[in-house]
Amino acid sequence: MKHLIDPMDLSRQETDEIITLAQDIIAHRERYQGSMSHRKLATLFYEPSTRTRLSFTSAMMELGGNVLGFSDAKSTSVSKGETVQDTVRVVGCFSEIIAMRHHIEGAQLYATEVSKVPIINAGDGSHSHPTQTLTDLLTIKRELGHIEGITIGFCGDLRFGRTVHSLIKALTRYSDIKIVLIAPDELKLPDYIKHDICDKCGMSYREVATMEEVMPELDILYMTRVQKERFLDEDEFDRVKDCFVLDTAKMALAKEKMAVLHPLPRVNEILTEVDNDPRAAYFRQVENGKFVREALMVKLLEWENDPAHGMPSRGEPILDSSLRCPNSKCICNCEHAPGKFRRTDDGILRCWYCDHKVK
Ligand code: NCD
């Protein structure tokens, strides 16, 4: 069965198929209106969300299907201690597909081990957010006409920003991408993305200290919010919260055809004075998110029983109960998931569920 937990669960060809279908839905919305009639999507949101949850809901409604679920786990059996796996087993009896957001990293991957319906990861902690990635790829394609060969600057919270992690992973599938990382020391991109993803795929990246020095080279500027809720130390958050702010003066340095993306919500990292600039693509990006989620659900249900579209191998798991994942926000430290690990090509042991390095 095909789930979408990590952007690499989709091959380049499958990703292209979803983006092409999303473009066709945009061009011929009426053709798809009944395509999900009598089908049900369950949205299980254990963490706050506006765009992602409503975008899934709206996408399913546009296709003529129905939606059930919760946006606050406190009102469900989770408050009685039900595990993610049990909840998914139950909800799989009521729906054909599940979109799940969780503050615990790896929760959705763990859920796939028992699910009888496809699961879509709608964000797990600061780890991954593959449907935002599809949204971002479609937006880049629509704004610039192509994805290959772009220079993209990621700015802000690259440490906790799951949308950044997932998009960088997906971009390794495209040729000649140049990545520029703009972040304070405290919010730099996690090592596993730099080493296991960028270095391994030979994708070029460089780190810079100011936005001004790179603005003229960028085709895409990907702004992000500093993720307050992921900080363990409030003083640290206060030190970095206003680190990079996009304003019209900085926009004046950029290419005429650059596009500004932001997964939203924005706090103060893009001043509202930028919103009327034709290069501000972040509200168009929101709408693209709905179309790409329509395309994703159509494809996942089409591929559900097709052996040609299974899950890619994540390698051979190493089961070792004497080892523990050091990430307190990983599913294996929250729900007694077994200690399960993988060894990377350069010999590093990482948690199976959340990718943290294990000592
Ligand atoms: C992002 C998220 O939830 O990770 N938003 C989204 O899904 N559109 C980014 C964020 O919360 O800052």
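Up top is the structure.
Draft legend 1. How the structure looks around the overall build of the protein. Each helix and strand counted, the protein has 11 helices and 12 strands in total. Compactness check: the protein gives a C-alpha radius of gyration of 20 Å against a globular reference of 21 Å for 359 residues, within 12% of the reference. Referenced to the eigenvectors of the C-alpha coordinate spread, the extents of the protein come out at roughly 55 × 55 × 40 Å. Within the protein, buried positions represent 46% of all 359 residues. For the protein, the share of sequence-separated contacts (at least 6 apart) that also reach a separation of at least 24 residues comes to 73%.

Draft legend 2. Region of interest: the site of the ligand. If you check the shell around the ligand, you find Arg51, Thr52, Gly123, His129, Gln132, Arg162, Thr163, Arg225, Gln227, Pro263 and Leu264 and nothing else. Those elements that place two or more of their residues in the shell around the ligand are α2 (51–62) and α6 (162–171). Counting only domains with at least three residues in the shell around the ligand, you end up with domain 1 (7–129 + 287–309) and domain 2 (131–285).

Draft legend 3. Just the sheet that holds strand β1 (residues 40–45), in detail. Strands sit in the order β2-β1-β3-β4 across an open sheet of 4 strands; the sheet is parallel. The strands lining the two open edges of the sheet, one partner per strand, are β2 (66–70) and β4 (119–124). Between one strand axis and the next, the sheet turns by 15° as a mean value, whatever way the strands run. Here β1 pairs with strand β3 (residues 97–102) via 5 bridges, running parallel. In the strand pairing of β3, phenylalanine 45 is matched with arginine 101.

Draft legend 4. Representation of the nonpolar core in the model. Residues Ile98 and Tyr353 are the most contacted members of the largest nonpolar core, which totals 95 residues. The dominant element in this core, judged by the number of residues it contributes, is helix α10 (residues 282–303), at 7 residues.

Draft legend 5. Here's a closer look at helix α7 (residues 191–201). Buried within α7 are the following residues: Ile193, Ile197 and Cys198. Projected down its long axis, α7 carries its buried residues within an arc of 80°, all on one side. Structurally, α7 contributes buried residues whose contacts are with α6 and β7 (204–208). Remark: glycine 202 follows α7 within two positions and exhibits a positive phi of approximately 65°.

Draft legend 6. Structural context of the pairing of β3. With 6 of 6 residues buried, β3 is to be regarded as a mostly interior element. Both faces of β3 are covered, namely the face carrying Ile97, Ala99 and Arg101 and the face carrying Ile98, Met100 and His102. Tracing the backbone out of β3, into helix α4 (residues 107–112) and back to the parallel element β4 gives a crossover that is right-handed.

Draft legend 7. Layout of the packing of α2 against α10. Remark: α2 packs on α10, axes separated minimally by 8 Å, with the N-to-C direction vectors making an angle of 55°. Relative to α10, the element α2 lies oblique. Our pair here, α2 against α10, has a crossing hand that is right-handed. Contacts between α2 and α10 pair Arg51, Ser55, Phe56, Ser58, Ala59, Met60 and Glu62 from the former with Val286, Gly289, Lys290, Arg293, Glu294 and Met297 from the latter. In the contact of α2 with α10, the residues fall into 5 nonpolar, 3 polar and 5 charged.

Draft legend 8. Here's a closer look at helix α3 (residues 84–91). Residues of α3 that are buried: Val84, Thr87, Val88 and Val91. Down the axis of α3, the buried side of the element spans an arc of 95°, and every buried residue falls inside it. Considering only its buried residues, α3 is in contact with β1, β3, α4 and β4.

Draft legend 9. Local environment of the environment of leucine 221. Among the secondary structure elements, leucine 221 is positioned in strand β8 (residues 220–223). Since 29 C-beta atoms lie within 10 Å of it, leucine 221 is described here as buried. Look past the residues within four positions of leucine 221 in its chain and what remains in contact with it is Gly153, Cys155, Met258 and Val260.

Draft legend 10. Representation of the pairing of β1 within the structure. For β1, the buried fraction is high: 5 of the 6 residues fall into the buried class. As judged from the 5 bridges shared by β1 and β2, these two strands associate in the parallel manner. In the strand pairing of β2, threonine 43 is matched with glycine 69. Between the parallel elements β1 and β2, the chain passes through α2 in a crossover that is right-handed.

Draft legend 11. Up close: the sheet that holds strand β12 (residues 349–351). Spatially, 3 strands are ordered β10-β11-β12 in an open sheet, and the strand pairing comes out antiparallel. Across the chains shown, the open sheet's two edge strands, defined by having one partner strand only, are β10 (318–319) and β12. Note: β10 against strand β11 (residues 340–343), 2 bridges, orientation antiparallel. Across the sheet, isoleucine 318 pairs through a bridge with phenylalanine 341, a residue of β11.

Draft legend 12. Local environment of the packing of α6 against α7. Where α6 meets α7, the closest approach of the two axes is 9 Å, and the angle between their N-to-C directions is 15°. By the angle between their directions, the pair α6 and α7 is classed as roughly parallel. The handedness of the crossing between α6 and α7 is right-handed. Residues His165, Ile168 and Lys169 of α6 pack against Ile193, Ile197 and Cys198 of α7. In terms of residue class, the contact of α6 with α7 is built from 4 nonpolar, 1 polar and 1 charged.

Rules used throughout
Residues numbered from 1 in each chain as written. Predicted model: local features only at pLDDT ≥ 70, side-chain atom pairs only at ≥ 80, totals over all residues. Helix = DSSP H or I, 4+ residues; strand = E, 2+ residues; numbered from the N terminus. Rg over C-alpha atoms; globule rule 2.2 N^0.38 Å. Buried ≥ 20, exposed ≤ 12 C-beta atoms within 10 Å, placed from the backbone. Contact = placed C-beta atoms within 7 Å. Near = placed C-beta within 6 Å. Domains from an automatic or database assignment. Pairing = 2+ DSSP bridges. Axes fitted to C-alpha atoms, helices over the stretch in contact; angles between N-to-C directions. Core = buried A, V, L, I, M, F, W, Y, C linked by C-beta atoms within 7 Å. Arc of directions from axis to C-beta. Right-handed = clockwise from strand over helix to strand, strands pointing away. Parallel < 35°, antiparallel > 145°, perpendicular 65-115°, else oblique. Left-handed = near helix turned anticlockwise from the far one by under 90°. Nonpolar A, V, L, I, M, F, W, Y, C, P; charged D, E, K, R; others polar.

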